[in-house]
Amino acid sequence: MTLLTILFDGVAYGMLLFVLACGLAVTLGLMNFVNLAHGAFAMAGGYACAILVNRAGLPFFAALPIAFVVSAAIGAVLERSLYRHLYTRSHLDQVLFTIGLVFMSVTAMDYFMGSAQTFIHLPDYLQGQINLFGLGVGRYRLMIIVICGLLTIALQMILSKTRFGSRLRAAVDDPRAASGLGINVPQVFALTFAFGCGLAGMGGALGAEILGLDPYFPLKFMIYFLIVVTVGGSSSITGPFLASLLLGIGDVAGKYYVPKLGAFVIYTMMIVILIWRPNGLFGRTAAR
Amino acid sequence: MLRNFISATVAAVGVLSIGGLAQAQETVKIGLIVPMTGGQASTGQQINNAIKLYQQKNGDTVAGKKVEIILKDDAALPDNTKRLAQELIVNEKVNIIAGFGVTPAALAAAPLATQAKVPEIVMAAGTSIITERSPYIVRTSFTLAQSSTIIGDWAAKNGIKKVATLTSDYAPGNDALQFFKEHFTAGGGEIVEEVKVPLANPDFAPFLQRMKDSKPDAVFVFVPAGQGGNFMKQYAERGLDKSGIKVIGPGDVMDDDLLNNMGDAALGAVTAHLYSAAHPSAMNKEFVAAYKKAYNTRPGFMAVGGWDGIHLVYEALKKTGGKADGDSLIAAMKGMKWESPRGPISIDPETRDIVQNIYIRKVEKVDGELYNIEFATFEAVKDPGKTKK
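All values reported here derive from a predicted model rather than from experimental measurement. (Residues numbered from 1 in each chain as written. Chains lettered and ligands numbered in written order. Predicted model: local features only at pLDDT ≥ 70, side-chain atom pairs only at ≥ 80, totals over all residues.)

**Student:** Could you clarify how one ought to interpret the overall build of chain A in this entry?
**Tutor:** Regarding its fold elements, chain A presents 11 helices and two strands. Reading the secondary structure of chain A in the N-to-C direction produces α-α-α-α-β-β-α-α-α-α-α-α-α. Over its C-alpha atoms chain A spans a radius of gyration of 19 Å, differing by no more than 12% from the 19 Å that the globule rule assigns to 288 residues. Across its three principal axes, chain A shows a C-alpha extent of roughly 60 × 45 × 35 Å. Out of the 288 residues in chain A, the part that is buried amounts to 48%. Look at the contacts in chain A between residues 6 or more apart in sequence, and 76% of them connect residues 24 or more apart. (Helix = DSSP H or I, 4+ residues; strand = E, 2+ residues; numbered from the N terminus. Rg over C-alpha atoms; globule rule 2.2 N^0.38 Å. Buried ≥ 20, exposed ≤ 12 C-beta atoms within 10 Å, placed from the backbone. Contact = placed C-beta atoms within 7 Å.)

Printed below as a string of structure tokens:
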């Protein structure tokens, strides 16, 4: 029974990590751009949702898509104005630029929203537990699993079945040939980047209840996002997805069964997996 | 003639230099070092707010001296604290240094206080050892041991037999755990589960499940103030509240600053602490009203630490008749007693630490807002971290 509860919590946690980190998997893996400021977009979404729900009185489910839109819009603007110039620069430049962006976002949020934890007021029907076949299941976590599961399926469909998906894959595999075929590569990248930021924003809004939301969010969770992407490999959506689940379940189970070692489990798993498969679980085996 | 001239000159110079000295002593400078940015910023803001409020209410002159506050932000980093304290003492020639949001910050400034004979008023940091590090340190906040031992005693006497503990794995968390455990087990209680969670902990779910499975009467919790809300939410989400497991702990977790945003999940939590914004005294009502009017938020225990800190300086200056050197001020502060918004308090003449009432409170809803409602009082509690020795 306990095992099932742990599994359930782990899956919910993993799903959340996936929605937060999959945008990073796209920018890092597909566009080959190191965006350490990814968490800042998640934070923006979280605060957008908090302001809408707590101050404007919008229902939580109406605020979630808006959080997505807000983060995506910020992402699009920054991509066009700042990020675009760094695609061809070295990784060190990209890291320095984005880490600077993180610090700016932290200070800006601290200034505007204060340093205290922000909570999103949830409707009553999302609080507490329900009983599923004798298993106590947190309603909020159940909702996370449902939403994130649907999102994952949708993402996979978009990437593999739609025209945009094939354009994106083409643009990534060989940008020169793709633009020769009439694909507007910068536009595809911009859309993808904005979409990834939007997902992060939604993840931030969903995660505020479980992970907490304060101006230090981008720094606190940067390491988790990077673990998901490195362990999962960055060549597809499936890799980070399975990695998120694995890490989520591993983290929760580790903290439950060996609380003294709790925090180390996730890092140990990362080290073992990376020694076993240096390019991540589903990474490309040969360097490009 | 010449002799007259010389003596006149000497007299004039003498008068001048005395005049100069007197002028320098017209103001008493207090270097206030608190975190105004970073994760501990709310501590600094509350202290600074309270001091400003005090000076608005009582004026900035006492015993013929103008009290000037020089605010410095150390972002709770001890290196900064030490550098700022040194600058304030050497360049600004402050008479007193005050504030100190976290224990390492207070400790970093201690050697400077000793060397320069400048009183160090600790208005926030709560580890027992602080006041032992310099004979010039006086504390107006609290020690963690004060609240943790009291909640241990109270729990053992009030039908709580089995307790599971969940504390953050850092010095104050370990302090709280140790003092609680000592007093609770001495009172006949049993610790059935002991979990230390990492300080940067994203998700309490697995730890809370462990708490739930150990079936205690209550969970003793100490996490940094910012995480209290998350803890309470997940505690309710997991249904621990419905399975009759109480939440007890030192009152930091239920800080007035955050309490109202935690939501109804926090209802019923029992904590021991020095101050609640709902403390039913005329003085506190006036303090809370004035604070709310000025800053549009209710004061927490950090604000009270700042308020009492500046009050202590004012009273000490009155007692010394305006003499602002370290030794006279410390001598005046020792044993001083006064009525604070939190209740009657005094400075222990031996340890220079605060002696205060510790209240047992329960979170209840009053006029649609969450408050810690006090229902039992342990009077004049000294710091158990020191009396033990």
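**Student:** Just checking my understanding: could you explain the interface of chain A and chain B for this structure?
**Tutor:** Taken together, the contacts link 30 residues of chain A with 28 residues of chain B. Breaking the side of chain A that touches chain B down by element, the ones donating at least two residues are α1 (2-30), β2 (135-138), α8 (185-211), α10 (238-257) and α11 (262-276) of chain A. Sorting elements by how many residues they give to the side of chain A that touches chain B places α1 of chain A first, with five residues. In the side of chain A that touches chain B, the residues fall into 12 nonpolar, 12 polar and six charged. (Nonpolar A, V, L, I, M, F, W, Y, C, P; charged D, E, K, R; others polar.)

**Student:** Whenever I open this one, the packing of α1 of chain A against α10 of chain A confuses me. Can you help?
**Tutor:** A packed helix pair is summarised by two numbers, namely the angle formed by the two axes and the spacing between the axes. All names here are of chain A. Across the interface, α1 lies against α10 with an axial gap of 7 Å and an inter-helix angle of 140°. Considered as vectors, α1 and α10 are oriented oblique to each other. Handedness of the α1/α10 crossing: right-handed. Taken together, the residues of the contact of α1 with α10 sort by class into 18 nonpolar, four polar and two charged. (Axes fitted to C-alpha atoms, helices over the stretch in contact; angles between N-to-C directions. Parallel < 35°, antiparallel > 145°, perpendicular 65-115°, else oblique. Left-handed = near helix turned anticlockwise from the far one by under 90°.)

**Student:** Got a minute to help me understand helix α3 (residues 60-81) of chain A in this structure?
**Tutor:** Given 3.6 residues to a turn, an α-helix orients residues that are three or four positions apart in the same direction. All names here are of chain A. The terminal C-alpha atoms of α3 lie 31 Å apart, and with 22 residues this matches the ideal 32 Å at 1.5 Å per residue to within 8%. Taken residue by residue, α3 has Ala63, Leu64, Ile66, Ala67, Phe68, Val70, Ser71, Ala72, Ile74, Gly75 and Glu79 as its buried positions. Looking at the buried positions of α3, the neighbouring elements they touch are α2 (38-55) and α8. (Expected span 1.5 Å × (residues − 1).)

**Student:** How do you make sense of the UniProt feature "transmembrane region" (unreviewed entry) in chain A when you look at a structure like this?
**Tutor:** Residue and element names in this part refer to chain A. The sites that UniProt annotates as "transmembrane region" (unreviewed entry) are residues 6-26, 59-83, 95-120, 140-159, 188-211, 223-249 and 261-278. With 100% helix and 0% strand, residues 6-26 has its two end C-alpha atoms placed 29 Å apart. Here residues 188-211 runs as 100% helix and 0% strand, with 32 Å between its end C-alpha atoms. (UniProt positions renumbered as here; feature names shortened; annotations may be inferred.)

**Student:** Would you mind going over unusual backbone geometry with me for this structure?
**Tutor:** Only a minority of non-glycine residues have a phi that is not negative, and only a minority of peptide bonds are not trans. Residues and elements named next belong to chain B. The phi dihedral of Ala75 is positive, around 50°, even though this residue is not glycine. Looking at the secondary structure, you find Ala75 in the loop between β3 (65-73) and α3 (78-90). Note on Ala75: 17 C-beta atoms within 10 Å, which makes it partly exposed. With a phi angle near 60°, Asn296 is a residue other than glycine that sits in the positive phi range. With respect to the element layout, Asn296 can be found in the loop between α10 (282-295) and α11 (301-320). On the basis of neighbour count, Asn296 is assigned to the exposed category, with 7 C-beta atoms found within 10 Å.

**Student:** Would you mind showing me how to read the confidence of the model for chain A here?
**Tutor:** As a general rule, the predicted coordinates of low-pLDDT regions are not to be interpreted in detail. The share of residues in chain A with pLDDT of 70 or more is 97%, and the mean pLDDT across the chain is 86. By mean pLDDT, the top-scoring element of chain A is α3 of chain A (93), and the lowest-scoring one is strand β1 (residues 129-132) of chain A (76). (pLDDT = per-residue confidence, 0-100.)

**Student:** What is the right way to look at the sheet that holds strand β4 (residues 96-99) of chain B in this model?
**Tutor:** Two orientations exist for strands paired in a sheet by backbone hydrogen bonds: parallel and antiparallel. Residue and element names in this part refer to chain B. Pairing within the open sheet is mixed, and its six strands lie in the order β2-β3-β1-β4-β5-β6. Two strands bound the open sheet, and with one partner strand each, they are β2 (61-62) and β6 (137-139). Two elements, strand β5 (residues 120-122) and β6, share three bridges in a ladder whose sense is parallel. Across the sheet, Glu120 pairs through a bridge with Ile137, a residue of β6. In this fold helix α4 (residues 103-116) packs onto β4, β5 and β6, with an angle of close to 160° to the strand it touches most, β5. (Pairing = 2+ DSSP bridges.)

**Student:** Help me understand the pairing of strand β11 (residues 270-273) of chain B in this model?
**Tutor:** Two faces make up the sheet, and in a regular strand the side chains alternate between them. Residues and elements named next belong to chain B. Side chains Val270 and Ala272 project from β11 onto one buried face, and the interleaved Thr271 and His273 project onto a second face that is buried too. With three bridges connecting them, strand β10 (residues 246-250) and β11 associate as parallel partners. The residue of β11 that forms the bridge with Gly249 is Thr271. With four bridges joining them, β11 and strand β14 (residues 354-366) adopt antiparallel strand pairing. When the bridges of β14 are listed, Val270 appears paired with Lys362.

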